[in-house]
Amino acid sequence: MDTSCDETSIAILSPQKNLLANIISSQVKLHAPHGGVVPEIASRAHLNNLPWVLNQALQEAGISLSQITGIAVTTSPGLIGCLLVGLTCAKTLAYSLKIPFTTVHHLKAHLFSPFLVHEETYPFLGLVVSGGHTAFYEVKSFGQVKALGQTVDDAAGEAYDKVAKLLGLGYPGGPIIDKLAAEGNPHAFKFTRARVKKGSNYMSFSGLKTAVSLLVKSQKKVTDTFKKDLAASFQREVVETLIEKCTLLLGSSKCLAVSGGVAVNSLLRHRLEEYAAEKNIRLALPPPKLCTDNGAMVAYVGERQLELGELAHWDANALATSALEANHGTN
Ligand code: KG4
Ligand code: ZN
């Protein structure tokens, strides 16, 4: 179950780890008029949505509630009110059904989501690129996750959303810019790539966002061609920054696993495929529905945690922010 931001999602895995249902109720329409996610609206929407999302998941899986043997819920990081709604629902179900429950780190769920459809390959370089995070991890096993580097300011998805707002394109910005960029010239504008420090594992997207803002302000008239060219040039810069970091951090990994909402991006997917072929490594890239927030990825990690005996206690709480630590887990 995931209620960390603006998607209410419940998935059901069979004992053989087959995905029986993955219901995702998006709140985009509720938040779009505000140009971004409004936390209180999101929490209340989760409260409304969870009962029918649960019923629909059970229906799709063709099972009854009494057949559920364990529950996994995202408890960090995310919008605190949203996380608490999900956690309360999970505790209530676990208590009334007398079954165990486990709490899942949202980034760990993204990190392993490619393996819902690809074979797990260790060690792998993981890239989680979403609206809230852009981070690289070296993963030696399910429990050995080492944070390698991340953005020091805006996440890539956040930059997409802000640039779309600057161009008056609506929310969420990622899919809109992705579409617009297809009609623009990616070389129309050149940006100076932000260097946190030479050769650093860290990256920054806030300077790029400011450069876009200055370009928009310098225009007497913001034409459609300008918007398309800017979208294409901005997108190229984001994608090439990520590919550059992949090269820096790949090490001896034989697999690159990419997840999070920005992993839906058409140019990023194309460049990752080229990159993996060039380096002769396996690319584990989930289909778009498993890139953005979804319950399936939480069920996948949660099922493993339950197997390992990583059970949550009744006093489990939610945390708005928390890093995905090295050696998070047991093996
Ligand atoms: O993983 P996600 O659903 O939620 C977070 O955990 O943040 O990611 C949402 C982010 C948004 O910023 C959205 O603009 C971005 O993913 N996104 C995209 C695309 N589709 C969604 N960014 C670029 N291109 C896309 N096609
Ligand atoms: Zn996410």
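Above: the structure in question.
Conventions and cut-offs
Residues numbered from 1 in each chain as written. Chains lettered and ligands numbered in written order. Predicted model: local features only at pLDDT ≥ 70, side-chain atom pairs only at ≥ 80, totals over all residues. Heavy atoms only, no water. Axes fitted to C-alpha atoms, helices over the stretch in contact; angles between N-to-C directions. Helix = DSSP H or I, 4+ residues; strand = E, 2+ residues; numbered from the N terminus. Parallel < 35°, antiparallel > 145°, perpendicular 65-115°, else oblique. Contact = heavy atoms within 4.5 Å. Phe/Tyr/Trp six-rings, centres within 6.5 Å; stacked < 30°, edge-to-face > 60°. Lys NZ or Arg CZ within 6 Å of the ring centre and 35° of its normal. Donors = N, O, S within 2.8 Å, 3.2 Å for Na, K, Ca; no water. Tetrahedral: all angles 85-135°; square planar, octahedral: opposite > 155°, others 65-115°. Buried < 20%, exposed > 50% of the residue type's maximum accessible area, 1.4 Å probe, protein only. Near = heavy atom within 4 Å. Polar contact = N/O pair within 3.5 Å; in protein donor to acceptor, adjacent residues only side chain to side chain. Areas by Shrake-Rupley, 256 points an atom, 1.4 Å probe, with all protein chains shown as cover. Pairing = 2+ DSSP bridges. Expected span 1.5 Å × (residues − 1). 1 Å grid on protein atoms, 1.4 Å probe; cavity = no way out; pocket = protein on both sides within 12 Å on 5 of 7 lines; lining within 4 Å. Points joined across faces, edges and corners; volume = space filled by probe spheres on them. Nonpolar A, V, L, I, M, F, W, Y, C, P; charged D, E, K, R; others polar. Patch = residues over 30% accessible without salt bridge, like charges linked within 9 Å, V, L, I, M, F, W, Y side chains within 5 Å. Salt bridge = Lys/Arg side-chain N within 4 Å of Asp/Glu carboxyl O.

1. Here we look at the packing of helix α5 (residues 156-166) against helix α7 (residues 206-217)
1) Next: Where α5 meets α7, the closest approach of the two axes is 10 Å, and the angle between their N-to-C directions is 10°. One finds that α5 runs roughly parallel with respect to α7. Contacts between α5 and α7 involve K162, V163 and L166 from the first element and K209, V212, S213 and V216 from the second.

2. Here we look at the packing of aromatic side chains
1) Next: Evaluation of the coordinates by the stated rule reveals nine aromatic pairs.
2) Next: Arranged with centres 5.5 Å apart and planes meeting at 75°, the rings of Y95 and W314 form a pair that is edge-to-face. With a gap of 219 residues between them, Y95 in helix α3 (residues 80-97) and W314 in the segment after α11 (295-307) connect regions that are remote in the sequence.
3) Next: Linked through ring pairs, F112, F115, Y122, F124 and F142 together constitute an aromatic cluster.
4) Next: When the ring centre of F142 is taken as origin, the NZ or CZ atom of K108, which lies over that ring, is 4.0 Å away.
5) Next: The ring of F142 has R304 sitting right over it, with the charged end atom 4.7 Å from the ring centre.

3. A closer look at the coordination of the zinc ion (ligand 2)
1) Next: For the zinc ion (ligand 2), the full set of protein donor atoms is H106 (NE2), H110 (NE2) and D293 (OD), and the range of their distances to it is 2.0 to 2.1 Å.
2) Next: With four donor atoms in place around the zinc ion (ligand 2) and angles of 93 to 142° between them, the coordination shape is irregular.
3) Next: Between consecutive donors of the zinc ion (ligand 2), the numbers of intervening residues give the motif H-x3-H-x182-D. Placement of both H106 and H110 in helix α4 (residues 106-112) is noted, with a separation of four residues, approximately one turn of the helix. Residues H106 and H110 agree in their burial class; the two are buried.

4. Some points on the site of ligand 1
1) Next: Residues in close proximity to ligand 1 total 22 residues, the closest being G131, D161, D178, G261 and N265.
2) Next: G261 is positioned such that a nitrogen or oxygen atom in its backbone is 3.0 Å from an oxygen atom of ligand 1.
3) Next: Starting from 550 Å² of accessible surface for ligand 1 in isolation, the protein chains cover 89%.
4) Next: Listing elements by their share of the shell around ligand 1, those giving two or more residues are α4, α5 and α6 (173-181).

5. Description of the pairing of strand β1 (residues 7-13)
1) Next: Of all seven residues making up β1, seven are buried, and the element is well covered by its neighbours.
2) Next: With burial as the criterion, each face of β1 is covered, one bearing E7, S9, A11 and L13 and the other bearing T8, I10 and I12.
3) Next: One ladder, built from seven bridges, connects β1 with strand β2 (residues 19-26); its direction is antiparallel. Bridge pairing in β2 links I10 to I23.
4) Next: Here β1 folds back onto β2 in antiparallel fashion, the turn holding five residues, of which K17 has a positive phi close to 70°.

6. Side note on the sheet that holds strand β6 (residues 134-141)
1) Next: Across the sheet, which stays open at both edges, the five strands sit in the order β7-β6-β5-β8-β9 with mixed pairing between neighbours. In this open sheet, the two strands that pair with only one neighbour each are β7 (144-150) and β9 (282-284). The mean angle between the axes of side-by-side strands here comes to 20°, regardless of whether they run parallel or antiparallel.
2) Next: Here strand β5 (residues 124-129) pairs with β6 via six bridges, running antiparallel. By the bridge assignment for β6, V129 is matched with T134.

7. A look at α3
Each turn of an α-helix holds 3.6 residues, which means side chains three or four residues apart point in the same direction.
1) Next: Its 18 residues give α3 an end-to-end C-alpha distance of 25 Å, which sits within 8% of 26 Å, the value for a rise of 1.5 Å per residue.
2) Next: If you check which residues of α3 are buried, you get C82, L83, V85, G86, L87, C89, A90, K91, L93 and A94.
3) Next: Following α3 by one or two positions, K98 has its phi on the positive side, about 55°.

8. Looking at the layout of surface pockets
1) Next: Looking at the second largest pocket, its volume works out to about 580 Å³.
2) Next: It is α11 that contributes the most residues to the lining of the second largest pocket, seven residues altogether.
3) Next: Counted by class, the lining of the second largest pocket contains 17 nonpolar, six polar and two charged residues.

9. Considerations on a nonpolar patch on the surface
1) Next: Together, V152, V196 and Y202 give the surface a local cluster of nonpolar side chains, amounting to about 250 Å² of exposed area.
2) Next: Inspection of the secondary structure assignment puts V196 in the loop between α6 and α7.
3) Next: Overall, V196 belongs to the partly exposed group, its relative accessible area being 36%.

10. Some remarks on the environment of V222
1) Next: Checked against the element boundaries, V222 lands in the loop between α7 and α8 (224-249).
2) Next: Relative accessible area serves as the criterion here: at 33%, V222 is assigned to the partly exposed category.
3) Next: Taking the C-alpha atoms as reference points, V222 and L167, 55 residues apart in sequence, are found 8.2 Å from one another.
4) Next: Here V222 is in contact with L167, V216 and K227, once residues within four sequence places are set aside.

11. Things to note about unusual backbone geometry
1) Next: With an omega of -15°, the peptide bond running from S76 to P77 counts as cis.
2) Next: Tracing the chain through its elements places P77 in the loop between β3 (71-76) and α3.
3) Next: Look at the link from Y171 to P172: it is a cis peptide, with omega at -10°.
4) Next: For P172, the location among the structural elements is in the loop between α5 and α6.
5) Next: Of note in the backbone geometry, N280 takes a positive phi value of approximately 60° without being a glycine.
6) Next: The exposure class of N280 is exposed, given its relative accessible area of 65%.

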